Amino acid sequence: MNVNQMIEWAAVTLILIGSIVSVISALGMIRLPDVYTRSHAATKSSTLSVLTCLLGAFIYFWVHDGYVSVRLILGIIFVFVTAPVAGHLICRAAYRSRVPLAEGSGEDELKEKLFPDEK
């Protein structure tokens with residue numbers, strides 16, 4: 001086995017890891033109780049899974065074809081920047097719309113700052 005084949009196997013392993021993390025993220029979206037924890041599953045693990053899949057594809061095309069894909073690099077940057085921001089804005093909109101937290105999620109310390117008239 002030469003170096004190119006080893007790097008190709010590393011790329012395939014990255015894509016496999018990304019696929020597994022994506023399945024775990026989907027299970028988290030189904031099992032978690034409220035919008036805040038579901039947003040965590042949707043943004044954190046999905047971002048990681050997409051990034052590892054795109055990185056694996058980038059490495060594969062770079063080694064196998066000698067082709068550096070600018071589209072894959074832009075996809076990695078775009079997902080890395082936009083997914084966490086979108087998750088934060090969804091949680092912020094849900095909180096300001098007064099979507100309740102799940103039972104047992106702890107104390108809501110932000111409530112007295114944003115909504116001082118409620119107790």
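See the structure printed just above.
Predicted model only: the values in this text are computed from it and were never measured.

Before we go on, may I ask you to explain helix 3 (residues 70–96) in this structure?
One turn of the α-helix equals 3.6 residues, which is why residues spaced by three or four share an orientation. Relative to the 39 Å expected for 27 residues at 1.5 Å per residue, helix 3 spans 39 Å between its end C-alpha atoms, a close match to the ideal helical length. Looking at the packing, one finds that the buried side of helix 3 touches helix 2 (35–64) and helix 4 (111–114).

Just to check I follow, could you spell out the packing of aromatic side chains for this structure?
Each pair of aromatic rings is reported with the distance of its centres and the angle of its planes. Per the counting criterion, the structure on display carries 3 aromatic pairs. Residues Phe58 and Trp62 carry aromatic rings whose centres are separated by 5.9 Å and whose planes lie at 40 degrees to one another, so their mutual orientation is tilted. A residue pair is termed a helical-turn pair when its members lie 3 or 4 positions apart in one helix, as Phe58 and Trp62 do in helix 2 at 4 residues. Using a relative accessible area of 13% as the deciding quantity, one classes Phe58 as buried. For Arg98, the ring lying beneath its charged end belongs to Phe115, and the centroid distance is 4.1 Å.

Where do I start with the nonpolar core in this structure?
Generally speaking, a soluble globular protein has its nonpolar side chains buried in company with each other. One finds Tyr36, Cys91, Ala94, Tyr95 and Phe115 forming the largest nonpolar core, which totals 5 residues. No other element matches helix 3, which puts 3 residues into this core. Beyond its immediate sequence surroundings of up to four residues, Ala94 is in contact with Val35, Tyr36 and Val99.

For this particular structure, what's the right way to read the environment of Ser25?
Structurally, Ser25 is set in helix 1 (residues 3–31). Sequence separation of Ser25 and Ser49 is 24 residues, and the distance between their C-alpha atoms is 8.5 Å. For Ser25, the residues in contact, after removing those within four places along its chain, are Ala41, Ala42, Ser45 and Ser46. A polar side-chain atom of Ser25 sits 2.8 Å from a polar atom in the side chain of Ser46.

I keep staring at the packing of helix 1 against helix 2 and nothing clicks. Help me out?
Pairs of packed helices are described in terms of their axes, by the angle between the two and the distance that separates them. For the pair helix 1 and helix 2, interaxial distance at closest approach is 8 Å and the crossing angle is 165 degrees. For the element pair helix 1 / helix 2, the angle class is roughly antiparallel. In this structure, helix 1 crosses over helix 2, and the sense of that crossing is left-handed. For the contact of helix 1 with helix 2, the class distribution of residues is 17 nonpolar, 12 polar and 2 charged.

How do you make sense of the layout of surface pockets when you look at a structure like this?
To find leftover empty space, one rolls a probe the size of a water molecule over the atoms. Of the volumes computed, that of the largest pocket is approximately 270 Å³. Lining the largest pocket are 14 residues; nearest its centre among them are Tyr95, Asp108, Lys111, Phe115 and Glu118. For the lining of the largest pocket, the residue count by class is 7 nonpolar, no polar and 7 charged. Put simply, the second largest pocket is a space of about 150 Å³. Every residue along the wall of the second largest pocket is listed here: Tyr36, Ser39, His40, Thr43, Lys44, Thr47, Phe80, Pro84, Gly87, His88 and Cys91. Counting only elements with at least two residues in the lining of the second largest pocket, the list comes to helix 2 and helix 3. It is helix 2 that contributes the most residues to the lining of the second largest pocket, 6 residues altogether. Each residue belonging to the lining of the second largest pocket can be placed in one class, and the counts come to 4 nonpolar, 6 polar and 1 charged.

Here is what the cut-offs are and how they apply
- Residues numbered from 1 in each chain as written.
- Predicted model: local features only at pLDDT ≥ 70, side-chain atom pairs only at ≥ 80, totals over all residues.
- Heavy atoms only, no water.
- Helix = DSSP H or I, 4+ residues; strand = E, 2+ residues; numbered from the N terminus.
- Expected span 1.5 Å × (residues − 1).
- Contact = heavy atoms within 4.5 Å.
- Phe/Tyr/Trp six-rings, centres within 6.5 Å; stacked < 30°, edge-to-face > 60°.
- Buried < 20%, exposed > 50% of the residue type's maximum accessible area, 1.4 Å probe, protein only.
- Lys NZ or Arg CZ within 6 Å of the ring centre and 35° of its normal.
- Core = buried A, V, L, I, M, F, W, Y, C linked by side-chain atoms within 4.5 Å.
- Polar contact = N/O pair within 3.5 Å; in protein donor to acceptor, adjacent residues only side chain to side chain.
- Axes fitted to C-alpha atoms, helices over the stretch in contact; angles between N-to-C directions.
- Parallel < 35°, antiparallel > 145°, perpendicular 65-115°, else oblique.
- Left-handed = near helix turned anticlockwise from the far one by under 90°.
- Nonpolar A, V, L, I, M, F, W, Y, C, P; charged D, E, K, R; others polar.
- 1 Å grid on protein atoms, 1.4 Å probe; cavity = no way out; pocket = protein on both sides within 12 Å on 5 of 7 lines; lining within 4 Å.
- Points joined across faces, edges and corners; volume = space filled by probe spheres on them.

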